[in-house]
Amino acid sequence: MRIDIFNVGHGAAALVVADNNNLVLFDCGHDANGFRPSVYLPQNWRAVQQLVVSHYDSDHVSDLANLRARMPIERLLSNPSISVNEIRQLKLQEGPLTPGMAALLEMKSRFGAVQNEADLAGISIPYFYLPYGPRFSDMNNLSIVAFVRYGDFCAVIPGDIERAGWLALLENHDFRQQLAAVNVFVASHHGRDNGYCEEVFQYCHPDIVVISDGPIQHDSQQHCYDRHARGLNFSRDGWRYVLTTRWDGHIVIDKTLGQAFTIRKGR
Ligand SMILES: [Zn+2]
């Protein structure tokens, strides 16, 4: 299995490639001057078996209309507790729908809630989310927090969930158990202050933290995450605790069953 965490500026896009070459794409952000999922994916594959949209914000779907026009996307996972109409109304309060958001809402209405599971050759993707309602009505805290598990490897991809959302999810025993298995912790909300929750690290002891963020980031909390990671060797840079797409670019994780995972710079 391979996981690519792409450098898409202030956005998010990560790709899981299973050993049978099936794909799970986590969010579909892009960099206007650089990487686009809609260019890279069709050059190498014919379909996306599973798309996971962490939450309903434009920076996580900015390239989705293009991708969808260029290759089939066979399944969609997004927070099911909020309806297409509710999302549309909330989004329209901020202005017109972006093409990516319009594509997402169209897909969400077409797919419905019940879909069969993609064949991911032994990878499982347990996920958790909070229900839309009076307690949580903001998009960030409605993020899907997904785990990518393969053999003894586990990564967590938490979208832009904020501290209040983390604390609510920590009430769930199954969620705490998944956190305990995490090797690679993708920081929530691009490493910003409000995505950081110290209590998470009572349960979670990752080897490395990865932050997907852009060149302009005023309140990145890298120094907070440093002390929660055990650290590991990264490419030729030596021992690292936190990686960021801003400084390290495209990041690749490789995992073969029976072997320790490795993490390196992509090309
Ligand atoms: Zn975001």
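Note: the structure precedes this text.
So, here is what we can say about the structure in this document. Here the structure is a predicted model, which means the values were calculated and not measured.

1. Section: the coordination of the zinc ion
Alright, step 1. Binding of the zinc ion to the protein goes through Asp59 (OD), His60 (NE2), Asp160 (OD) and His190 (NE2), at separations of 2.1 to 2.3 Å.
Alright, step 2. What the 4 donor atoms of the zinc ion show is an angle range of 91 to 152 degrees at the metal, which sorts the shape as irregular.
Alright, step 3. Taken in sequence order, the residues that donate to the zinc ion follow the motif D-H-x99-D-x29-H. Here His60, found in the loop between strand E4 (50–52) and helix H2 (64–70), pairs with Asp160, found in the loop between strand E8 (153–157) and helix H5 (163–169); they are 100 residues apart in sequence, far enough to count as distant.

2. Let's talk about the environment of Asp138
Alright, step 1. Within the element layout of this structure, Asp138 appears in the loop between strand E6 (127–128) and strand E7 (145–150).
Alright, step 2. Given a relative accessible area of 32%, Asp138 falls into the partly exposed group.
Alright, step 3. Spatially, the C-alpha atom of Asp138 lies 9.9 Å from that of Glu162, the residues being 24 residues apart in sequence.
Alright, step 4. Polar contacts involving the side chain of Asp138 include one to the main-chain amide nitrogen of Asn141, which spans 3.1 Å.

3. A short note on the environment of Leu97
Alright, step 1. Counting through the fold element by element, Leu97 comes out in the loop between helix H3 (84–92) and helix H4 (99–111).
Alright, step 2. Residue classification places Leu97 among the partly exposed positions, given a relative accessible area of 27%.
Alright, step 3. In the structure, Leu97 is positioned 39 residues away from Ser58 in sequence and 8.8 Å away in space, judged by C-alpha atoms.
Alright, step 4. Beyond its immediate sequence surroundings of up to four residues, Leu97 is in contact with Arg88, Lys91, Leu92, Ala102 and Leu105.

4. Looking at the pattern of salt bridges
Alright, step 1. All told, the structure shown has 15 salt bridges when counted by the stated rule.
Alright, step 2. The closest approach of N and O atoms between Asp57 and Lys91, which form a salt bridge, is 2.8 Å. One end of the pair, Asp57, is in the loop between E4 and H2; the other, Lys91, is in helix H3, and 34 residues separate them in sequence. The same class applies to Asp57 and to Lys91, which are both buried.
Alright, step 3. As a salt-bridge pair, Glu198 and Arg227 come within 3.3 Å of each other at their nearest N and O atoms. One end of the pair, Glu198, is in the loop between strand E9 (184–186) and strand E10 (208–211); the other, Arg227, is in the loop between helix H7 (222–226) and strand E11 (232–234), with 29 residues separating them in the sequence.

5. Side note on the side chain of Asn79
Alright, step 1. Examined against the element boundaries, Asn79 turns out to sit in the loop between strand E5 (76–77) and H3.
Alright, step 2. Separated by 3.1 Å, the side chain of Asn79 and the backbone oxygen of Leu130 make a polar contact.

Quick notes on the rules
- Residues numbered from 1 in each chain as written.
- Predicted model: local features only at pLDDT ≥ 70, side-chain atom pairs only at ≥ 80, totals over all residues.
- Heavy atoms only, no water.
- Donors = N, O, S within 2.8 Å, 3.2 Å for Na, K, Ca; no water.
- Tetrahedral: all angles 85-135°; square planar, octahedral: opposite > 155°, others 65-115°.
- Helix = DSSP H or I, 4+ residues; strand = E, 2+ residues; numbered from the N terminus.
- Buried < 20%, exposed > 50% of the residue type's maximum accessible area, 1.4 Å probe, protein only.
- Polar contact = N/O pair within 3.5 Å; in protein donor to acceptor, adjacent residues only side chain to side chain.
- Contact = heavy atoms within 4.5 Å.
- Salt bridge = Lys/Arg side-chain N within 4 Å of Asp/Glu carboxyl O.

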